[in-house]
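Report on the structure
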Amino acid sequence: MSLGRYVITRLSVAIPVLLGVSALTFSFVHLLPGDAVDVLTGYRDVSPAVEASIRAEYHLGQPVWEQYLLWLRDAIRLEFGESVISGRNVAATVADRLPATVALGGAAWLLALAIGIPAGIVSAVKRGEPADELGRVAALAGIATPNFWLGLVLLLVFSVRLGWFRVIPPDAPLVSLATAKFMLLPTITLGTASAALVTRLLRSSMLGELDANYVRAARAKGLRERTVILKHVLRNALLPVVTVAGLQLAFLVDGAVVVEQIFSWPGLGRLLVRSILRRDYPVIQAAVLLVGVAIVLANLLVDIVYAILDPRIRY
């Protein structure tokens, strides 16, 4: 199967999943107790004129299936209505918070790869030695440590006690030295578990490759061990890591909800928490749909990259 046909096949699977995500996002407003207008206004008392305006805006007089189709049409156009709290356009509100979340998630992802790949290589090459044991213990601790606890500890030690970092984000542009310094602690908090996962996965994958016949043949030819490891073993061992790394990028953006709340980071996760507490359902719908779409698209991208790296899976 050619790469183009494979991509079309994966798209044909991703589209129904995206529709399912959108249907679930739309339906939770109608599954909550009370009238849909009460849900959309956070169960606040509104005037008859406002209620009529909401019913017209969200097509609440139509059958539910028709409401969904109209809502889906508006969602494709990035038209989610207005916030019931601020009265501001929902799409603009989400767009303002998205860059901060993407920056934090991207930084944590890069940190996870920068730590996890070298640590996994060393742990596999030094199997059974103290370096391997240390790497395995550190990886297990990284996976087992809740990120909310790690974030609170880092904040208490390095911000409150030592005063090396600010407690709240600086009033500075996203791309600035002050913001980059503040992002260090939340980046470590968010990326630790992913780094540990990449370390364990790469170690396991490399151990399987080190016993392969082509590795013995490469060593018999007199190739340097460094060349064997980095050019031959690592290349094949990275295939499962690519899958996990791609999915982790989406889940890091999703997992930033707790970390953003701890560090008061003005991202999408903090907006989602505040919207839930204030029952701002149009914003909740937009944020949840965005996270769901990001995860589905990340899966699709991973499948395509994997097919490029290993053409055998196309068949």
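What counts and what doesn't
- Residues numbered from 1 in each chain as written.
- Predicted model: local features only at pLDDT ≥ 70, side-chain atom pairs only at ≥ 80, totals over all residues.
- Heavy atoms only, no water.
- Phe/Tyr/Trp six-rings, centres within 6.5 Å; stacked < 30°, edge-to-face > 60°.
- Helix = DSSP H or I, 4+ residues; strand = E, 2+ residues; numbered from the N terminus.
- Buried < 20%, exposed > 50% of the residue type's maximum accessible area, 1.4 Å probe, protein only.
- Lys NZ or Arg CZ within 6 Å of the ring centre and 35° of its normal.
- Axes fitted to C-alpha atoms, helices over the stretch in contact; angles between N-to-C directions.
- Parallel < 35°, antiparallel > 145°, perpendicular 65-115°, else oblique.
- Left-handed = near helix turned anticlockwise from the far one by under 90°.
- Contact = heavy atoms within 4.5 Å.
- Nonpolar A, V, L, I, M, F, W, Y, C, P; charged D, E, K, R; others polar.

Regarding the packing of aromatic side chains
- Applying the stated rule across the entire model yields two aromatic pairs.
- Summarising the aromatic geometry, the rings of F158 and W164 are spaced 5.7 Å apart at their centres and angled 40 degrees between planes, so their arrangement reads as tilted.
- Plain terms: the ring middles of F182 and W265 are 6.0 Å apart, the flat faces sit at 15 degrees to each other, and that makes the pair stacked. With F182 in helix 8 (residues 177-210) and W265 in the loop between helix 10 (225-262) and helix 11 (268-277), this pair connects stretches of sequence that are 83 residues apart. Grouping residues by exposure puts F182 and W265 together as buried.
- Between the NZ or CZ atom of K181 and the centre of the ring of F165, over which it lies, the distance is 6.0 Å.

So, the packing of helix 6 (residues 130-144) against helix 8
- Their axes nearest at 8 Å, the elements helix 6 and helix 8 cross at an angle of 135 degrees. Between helix 6 and helix 8, the crossing angle belongs to the class labelled oblique. Pair helix 6 / helix 8 crosses with left-handed handedness. Together, D132, R136, A139, L140, G142 and I143 of helix 6 and T192, A193, A196, L197, T199, R200 and R203 of helix 8 make up the contact between the two elements.
- Residue composition of the contact of helix 6 with helix 8, grouped by class: six nonpolar, three polar and four charged.

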